[in-house]
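Observations on the model geometry
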Amino acid sequence: MAVAESRTSPAQRTDFRSGNEMAALSAQAIDFHLMGYYPITPSTEIAEILDELKAEGSHRTVMIPADGEHGAAGICYGASVGGGRVFNATSAQGLLYALEELPVQSGTRFPMLLDLATRTVSGPLDIRGDHSDVYYALDTGWLVFLAREPQAVYDLNVCALRVAEHPEVRLPAIVAFDGFFTSHQKRRVELFEDPAVVQEFLGPFTGTVEALDPRHPITVGPYMNDPDLINNKFQLNLAMEAALRVLPDVFAEYETLSGRRYDLVDLYRMDDAEVALLLLNSAAETAKDAADRLRAQGIRAGVVSPNVLRPFPAPVLREALRDVRTLVIGERGDSYGSGGGPVSHEVKSALKDDQENRTRCITRIYGLGGRDFYDEDADALFRLGLDALAGAEVDSFGYHGIYPGDPEHPPRRPGLPALRSDETVSGLVHVREREDGKLAVEAPPAWQLAARPKRVAPGHGACPGCGMFPALDQFLRGIEGDVVVLYQTGCAMVVSTGYPYTSHRVTYVHNLFQNGAATLSGLVEMFHERMRRGELPDGEDITFVMVTGDGGMDIGTGAAIGTALRNHRLVIVEYDNQGYMNTGAQLSYSTPLGHRTSTSHVGPGEHGKAFHHRDTPQLMAATNIPYVFTGVEGFPDDLLAKGAKAQWYAQHEGTAYGKLLISCPLNWLTEDRAGADVVRLAVDSCFFPLYEVERHSTTLTYDPEPLDRRVPVAEWLKAMGKTRHLTRPGFEQELAEIEAEVDRRWQRLKAMSEHPLL
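Below is a short write-up of the structure. Just so we're clear, the structure is a prediction, and the values are computed from it rather than from any experiment. (Residues numbered from 1 in each chain as written. Predicted model: local features only at pLDDT ≥ 70, side-chain atom pairs only at ≥ 80, totals over all residues. Heavy atoms only, no water.)

1. Things to note about the overall build of the protein
Along its length, the protein carries 25 helices and 29 strands. Relative to its length of 758 residues, the protein is compact, with a C-alpha radius of gyration of 29 Å against a globular reference of 27 Å. With the C-alpha coordinates of the protein rotated into their principal frame, the extents come out at 90 × 70 × 55 Å. Expressed as a percentage of its 758 residues, the buried residues of the protein come to 58%. Across the protein, every contact between residues at least 6 apart in sequence was considered, and the portion connecting residues at least 24 apart equals 78%. Carbon and sulfur atoms form 52% of the exposed surface of the protein, whose accessible area is close to 31500 Å². Computed over 72 positive and 103 negative side-chain charges, the inter-centroid distance for the protein is 1 Å. (Helix = DSSP H or I, 4+ residues; strand = E, 2+ residues; numbered from the N terminus. Rg over C-alpha atoms; globule rule 2.2 N^0.38 Å. Buried < 20%, exposed > 50% of the residue type's maximum accessible area, 1.4 Å probe, protein only. Contact = heavy atoms within 4.5 Å. Areas by Shrake-Rupley, 256 points an atom, 1.4 Å probe, with all protein chains shown as cover. Lys, Arg positive; Asp, Glu negative; His and termini not counted. Charge placed at Lys NZ, Arg CZ, Asp CG, Glu CD.)

What follows is the structure in structure tokens.
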């Protein structure tokens, strides 16, 4: 981005903002009709900020929290078909989960804007920034813009949408900026004082077709084979070519408006450069300082950084690099096995079409997983180019920033010693079948099992007062023998497995939010098949337990239901902290009505979460699995017995599912020591009843009413800072709705427990 000479232009204010903030503020100015979104680090802040602004009454965009990024992409596509402006933001796995929707949107030519705070694609899981995610989008038919700094995020959001909606283009657009480097970095920026300036620059939205005009019906997305499909794709190619023509005019018009200049490719000191670095996004700014130092030494060095990746600016690059003798292309992503990342291959292809070009291209993969790019890294890449320029032998492809292990210190097994077989069996927990077809558990009080070694050791990074591991420990104390656990992404996974360490004394497997149950079902069936084939020791007996939470049963419901319907012999345990706490306390479908989260704020325009929470135990019971239960940390004997029953059913009949309400003091805004008391209030208010559905028959395992312990729901709500507003004047309607829904579910559950067939 270059700053043009001052001229009369609309008023702008100077501020100090991050890339995520500038993304949200540009979206506010654009006045999108709708945003479909799903939380994922590091882009989640964009939706959080927009929701906070919505609560303040500062914009009117409809914000729809999806069940996952695939769902968010579907929401956005449906809204686009409806003829309005649409926005989304995501990162890494979120983009990949939505990936199959992207060609659908571009192939039917409905524009929208997607902000991508770039992040490493798992696995293993890494939440920091590189470009492995945006590279997956290059062949989807979307325009792709690159923003090196927070100011560019704001400006390119506006320009990208203008190009996307151009009548000769009509394509969706991505604006990609470096996760954590740009998304969270604060810089001096300028914003238009009046949002109308942005809206006038864009003009009113004018779609070519829409699905909301019954007098003019259309067919969107017909079944299309040869010979027609190739014509559709050729038209998409023509749209990309049109975008390449339109872009300079849009950039020039925006320069006149804002005083800030953007070109297809940012060229720094390239007029006479003989050695250059080509880098995407934030690293290019670091490299410019290195180029300046080399220039001071009389070395003609320059930096090349595209502002647009799709359409690929091949003509500009050919012209800019014609006289460059050595070009080092640094990439934060690799196209494995091809000898370079995608940009390397495209640059080489572009230069090959220039018969006079003799530029030597060298590729170095750097900065993967968020590894920082410092001045000395830029110096090292320039030295590679200078060495090649001097005739030294330099490999055309390699990695920069790797380091070998120390042979004197070979890898060792991290963490505590594995549990011995005798440590996993207490001999004190016994399960037997009763005459009525249900199970009876004989076990001592939970405190008598306190000496049993924990399967999750204390050395983890959970927040003070977090209820995850105390509740899981109480549940696992009811399970005898060996256990293999699978954790979906979430707080419990992140705080217990920071490489190279682990808090688990049993075998632990991780997979992503949406696929944990399916993954564990595959592992379970492999275990049983290898046992049948005699490939594992006779008598081997393992209980398989999946742990999910932090909203994981939103995005993971499909896999969990599929696993339950197939009735694999495993246990699914969901710790419910009522939000996506691992990504910053966004609302999930387990967040109750009216609760404050970072995407359901409280203010004049919003009164917390707008809809009731999902009743997952009843959803899972509807799959006809043999055992479903609920539990809390404050009732340890109840939870221990349910763990024993879950193991028995998983070993003898099929899937068991349990939901554990656990406290999150950090985001519930309670004292660290108050967790067990708060979840007991949830039970005594009948918000979270303790019950089980055993072989399709419902039993209340705790009823506060006969014990005269039932308390109003408001007593529970007052115990948490996130819900205290619901007990104050102005929220009478929300409180009444909550009370009515709690009582409806409670009365229904009581009726089911009294009926022999329910």
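Here the narrative resumes.
2. Overview of the layout of surface pockets
Roughly 450 Å³ of volume is contained in the second largest pocket. Together, 21 residues line the second largest pocket, and Gly107, Thr108, Gly221, Pro222 and Asn232 are the ones closest to its centre. Mapped by element, the contributors of at least two residues to the lining of the second largest pocket are helix H5 (101–107) and helix H9 (229–258). Tallying contributions element by element places H9 first for the lining of the second largest pocket, with 5 residues. (1 Å grid on protein atoms, 1.4 Å probe; cavity = no way out; pocket = protein on both sides within 12 Å on 5 of 7 lines; lining within 4 Å. Points joined across faces, edges and corners; volume = space filled by probe spheres on them.)

3. Focus on the nonpolar core
Judged by nonpolar contacts, the single largest core of 100 residues is most densely connected at Leu50, Leu143, Phe145, Ile174, Phe251, Leu278 and Val347. Counting residues per element, this core draws most heavily on H9, which supplies 11 residues. Leucine 278 has contacts with Val304, Pro306, Leu317, Leu327, Val328, Ile329, Gly330, Val343 and Val347, leaving out every residue within four places of it along the chain. Of all hydrophobic cores here, the second largest spans 87 residues; its members include Val545, Val547, Leu661 and Ala714. (Core = buried A, V, L, I, M, F, W, Y, C linked by side-chain atoms within 4.5 Å.)

4. So, the sheet that holds strand S14 (residues 308–310)
A sheet is described by the order of its strands in space; here 7 strands give the open sequence S4-S3-S5-S6-S8-S7-S14, paired in mixed fashion. Looking at which strands have only one partner, the edges of the open sheet turn out to be strand S4 (62–65) and S14. The sheet shows a mean angle of 20 degrees between the axes of neighbouring strands, taken without regard to direction. Two strands pair when backbone bridges link them, and strand S3 (residues 34–37) and S4 are joined in this way by 4 bridges, in the parallel orientation. Among the inter-strand pairings, glycine 36 is bridged to a residue of S4, identified as isoleucine 64. Along the sheet, helix H1 (residues 19–30) makes contact with strand S5 (86–90), strand S6 (113–118) and strand S8 (173–178), crossing S8 at roughly 155 degrees. (Pairing = 2+ DSSP bridges. Axes fitted to C-alpha atoms, helices over the stretch in contact; angles between N-to-C directions.)

5. Structural notes on helix H23 (residues 675–684)
Taken together, the buried positions of H23 are Gly675, Val678, Val679, Ala682, Val683 and Asp684. Those residues of H23 that are buried are in contact with strand S26 (627–632), strand S27 (656–661), helix H22 (665–668), strand S28 (690–694), strand S29 (697–702) and helix H24 (713–718). Positive backbone phi, approximately 70 degrees, marks cysteine 686, located one or two places after H23.

6. Things to note about the side chain of serine 80
Mapped onto the fold, serine 80 is located in helix H3 (residues 69–81). You can call serine 80 buried: its relative accessible area is 3%. A polar contact is formed between the side chain of serine 80 and the backbone oxygen of cysteine 76, at a distance of 2.8 Å. (Polar contact = N/O pair within 3.5 Å; in protein donor to acceptor, adjacent residues only side chain to side chain.)

7. A closer look at empty space enclosed by the protein
For the structure shown, the criterion picks out 4 cavities of 30 Å³ or more. In this structure, the largest cavity occupies an estimated 110 Å³ of space. Forming the boundary of the largest cavity are 15 residues, of which Ala73, Asn88, Ala98, Leu102 and Leu114 lie nearest the centre. Residue assignment for the lining of the largest cavity shows that the elements contributing at least two residues are H3, S5, helix H4 (92–98) and H5. A total of 4 residues in the lining of the largest cavity trace back to one element, the largest contributor, which is H3. Grouping the constituent residues of the lining of the largest cavity by class yields 9 nonpolar, 4 polar and 2 charged. (Nonpolar A, V, L, I, M, F, W, Y, C, P; charged D, E, K, R; others polar.)

8. Brief notes about helix H7 (residues 150–164)
For H7, with 15 residues, the first-to-last C-alpha span of 21 Å sits near the 21 Å given by 1.5 Å per residue. Along H7, the helix axis deviates most sharply at leucine 156, where the bend reaches about 25 degrees. (Expected span 1.5 Å × (residues − 1). Bend = angle between axes of the 7 residues up to and from the residue.)

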